[in-house]
Amino acid sequence: MKYRIEKDTMGEVQVPADKYWGAQTERSRNNFKIGPSASMPKEIIEGFAYLKKAAAYANYDLGVLPIEKRDAIGAVCDEILEGKLDDQFPLVIWQTGSGTQSNMNVNEVIANRAQVLKGFEIGEGEQFIKANDDVNKSQSSNDTFPTGMHIAAYKMVVETTIPGVEKLHATLAKKALEYKDVVKIGRTHLMDATPLTLGQEISGYAAQLAFGLKALKNTLAHLAEIALGGTAVGTGLNTPKGYDVKVAQYIAEFTKHPFITAENKFEALAAHDAIVETHGALKQLAVSLNKIANDVRMLASGPRSGIGEIHIPENEPGSSIMPGKVNPTQCEALTMVCAQVIGNDMAIAVGGMQGHYELNVFKPVMAANFLQSAQLLGDACVSFDEHCAQGIEPNHKRIKELVDNSLMLVTALNTKIGYYKAAEIAQTAHKNGTTLKEEAVRLGYVSPEDFDSWVKPEDMV
């Protein structure tokens, strides 16, 4: 491999000749060989591309950057967003907690790529655009990384998570209406309870997702506030007047999302409560989805030795040894995603605690965990919807069998003969293996005609 020499404030470093990154990127690459597979998420790099382009445009408007440099920076940022430079960002999330090295990675790539686009070799003659003085103008890693975090997180939630959850919610709401008249037995404490309809049961699932979506959307306003303009500690040192508002306007224009400058830059650098808050809503959705997936797989359990009240799609063979076995794989995948999201929430909560004085130094791991959760939930909801929820159908024969055999239908007699006599009927029927009607009549508490008139499952829902 051929190398070239790059310099930073700490001296010279050998850098692969075919790469655009510079000395600070190479130092980080060599110093943090921690789980090379845990690369800085592409979405964060794209967030940087948006903010670097926006910064260049704002700096030009405010008279501190020439138009030729603005356009060159913008052109390279567009290449990053088009995926043309994906191999130029080799750093892992396990680096400095401020994300400084990833900020410099982007700065170096933009500067060197701009040099090549101008027709020069990297390092040839006078550097056209400088990583720190031009690409990083009016910025600090301390306000760029949290801005990149928010851009990436907001886009992932709005473009992936919310559409995925809404898709599943729509299916469950449709199923709730479709099966509103299918009377089945209810269960509490995993034990038989009074009847309800399958539609009513599914409507509870749809409501859970509706509540979760509302909570998630309510966090977006805070997530749309960006730190850019706070520079090192939140004071805005080395920025031209009006820069923070203008750069946010450009970010909103380029991303087509309603980003605004943070009302308090000190909070935006030192704490990441918006990330903690929004991920809390993702965790709430994970809790809901876990309950839904577990209910579906238990209701579909069997096909002959379980509950078997619903049919779910049979997508693939379930065993390498048991012929014909089919498993609730979509439910299992969804609950594993939920476990991951809930684990990520703990990492993000711990990261959110690490705001010491003017800077939080857990930014990369918070961003990476957030993006993983948001993408997993959106993708898993789409998968569960398409390969499971849309194909849910009632097993009418099994549902009727379980309703007819349930002892808890005796609850309908409470207001007629009293709780204690009704309990005696249920306990005696269970002991003797007989029906409620047989024991109610034998004990002399009701006539056959009254029993048939009072104990109607369809009237108990």
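Refer to the structure presented above.
Thresholds applied
- Residues numbered from 1 in each chain as written.
- Predicted model: local features only at pLDDT ≥ 70, side-chain atom pairs only at ≥ 80, totals over all residues.
- Heavy atoms only, no water.
- Patch = residues over 30% accessible without salt bridge, like charges linked within 9 Å, V, L, I, M, F, W, Y side chains within 5 Å.
- Areas by Shrake-Rupley, 256 points an atom, 1.4 Å probe, with all protein chains shown as cover.
- Salt bridge = Lys/Arg side-chain N within 4 Å of Asp/Glu carboxyl O.
- Helix = DSSP H or I, 4+ residues; strand = E, 2+ residues; numbered from the N terminus.
- Buried < 20%, exposed > 50% of the residue type's maximum accessible area, 1.4 Å probe, protein only.
- Phe/Tyr/Trp six-rings, centres within 6.5 Å; stacked < 30°, edge-to-face > 60°.
- Lys NZ or Arg CZ within 6 Å of the ring centre and 35° of its normal.
- Core = buried A, V, L, I, M, F, W, Y, C linked by side-chain atoms within 4.5 Å.
- Contact = heavy atoms within 4.5 Å.
- Polar contact = N/O pair within 3.5 Å; in protein donor to acceptor, adjacent residues only side chain to side chain.
- 1 Å grid on protein atoms, 1.4 Å probe; cavity = no way out; pocket = protein on both sides within 12 Å on 5 of 7 lines; lining within 4 Å.
- Points joined across faces, edges and corners; volume = space filled by probe spheres on them.
- Nonpolar A, V, L, I, M, F, W, Y, C, P; charged D, E, K, R; others polar.

What about a nonpolar patch on the surface?
Reasoning step 1: Among the surface-exposed residues, Met 346, Val 350, Met 353, Val 361 and Phe 362 lie close enough to one another that they form a single nonpolar patch of about 450 Å² accessible area.
Reasoning step 2: On the secondary structure map, Phe 362 appears in the loop between strand E9 (359–360) and helix H13 (363–387).
Reasoning step 3: Taking relative accessible area as the criterion, Phe 362 reaches 31% and is therefore assigned partly exposed.

Structural notes on the packing of aromatic side chains
To describe a pair of aromatic rings, one takes the distance between the centres and the angle between the planes.
Reasoning step 1: Enumeration according to the criterion identifies six aromatic pairs in this entry.
Reasoning step 2: Relative to Phe 254, the ring of Tyr 57 lies with its centre 5.5 Å away and its plane at 80°, an arrangement referred to as edge-to-face. Of this pair, Tyr 57 sits in helix H2 (residues 42–61) while Phe 254 sits in helix H9 (residues 243–255), and the two are 197 residues apart along the sequence.
Reasoning step 3: On the accessibility criterion, Phe 254 (17% relative accessible area) is buried.
Reasoning step 4: Here Tyr 419 and Tyr 420 contribute two aromatic rings whose centre-to-centre distance is 5.5 Å and whose plane-to-plane angle is 85°, an arrangement assigned as edge-to-face.
Reasoning step 5: Judged by relative accessible area, which is 55%, Tyr 419 ranks as exposed.
Reasoning step 6: An aromatic cluster of three or more residues is present, and its members are Tyr 57, Tyr 250 and Phe 254.
Reasoning step 7: Across from the ring centre of Phe 128, 4.5 Å away, lies the NZ or CZ of Lys 118, which sits over that ring.

Section: the nonpolar core
Reasoning step 1: The biggest cluster of nonpolar side chains holds 105 residues, and the ones touching the most others in it are Ile 44, Leu 172, Val 296 and Phe 370.
Reasoning step 2: Counting residues per element, this core draws most heavily on helix H6 (residues 141–178), which supplies 13 residues.
Reasoning step 3: In this structure, Leu 172 is in contact with Ile 202, Tyr 205, Ala 206, Leu 209, Ile 292 and Ala 389, ignoring residues within four places of it in sequence.
Reasoning step 4: Residues Ala 412, Leu 413, Ala 422 and Val 455 belong to the second largest nonpolar core, which totals 14 residues.

Observations concerning the environment of Asn 315
Reasoning step 1: Take Asn 315: it is sitting in the loop between strand E7 (310–311) and helix H12 (329–352).
Reasoning step 2: Those residues in contact with Asn 315 that lie beyond four places of it in its chain are Thr 329, Gln 330 and His 387.
Reasoning step 3: Looking at Asn 315, its side chain comes within polar contact range of the main-chain oxygen of His 387, at 3.0 Å.

Re the layout of surface pockets
Reasoning step 1: Estimated volume of the largest pocket: approximately 520 Å³.
Reasoning step 2: Taken together, 22 residues form the lining of the largest pocket, with Glu 6, Lys 7, Asn 112, Gln 127 and Ala 131 sitting closest to its centre.
Reasoning step 3: Elements with a minimum of two residues in the lining of the largest pocket: strand E1 (3–8), helix H1 (23–31), helix H4 (100–117) and helix H5 (131–135).
Reasoning step 4: Broken down by element, the residue count for the lining of the largest pocket peaks at five residues, all from E1.
Reasoning step 5: Here the residues of the lining of the largest pocket sort into seven nonpolar, eight polar and seven charged.
Reasoning step 6: Of the voids in this model, the second largest pocket is the one considered here, and its volume is about 430 Å³.
Reasoning step 7: Residue lining of the second largest pocket: 17 residues in total, with Ala 300, Gly 302, Pro 303, Glu 314 and Val 326 positioned closest to the centre.

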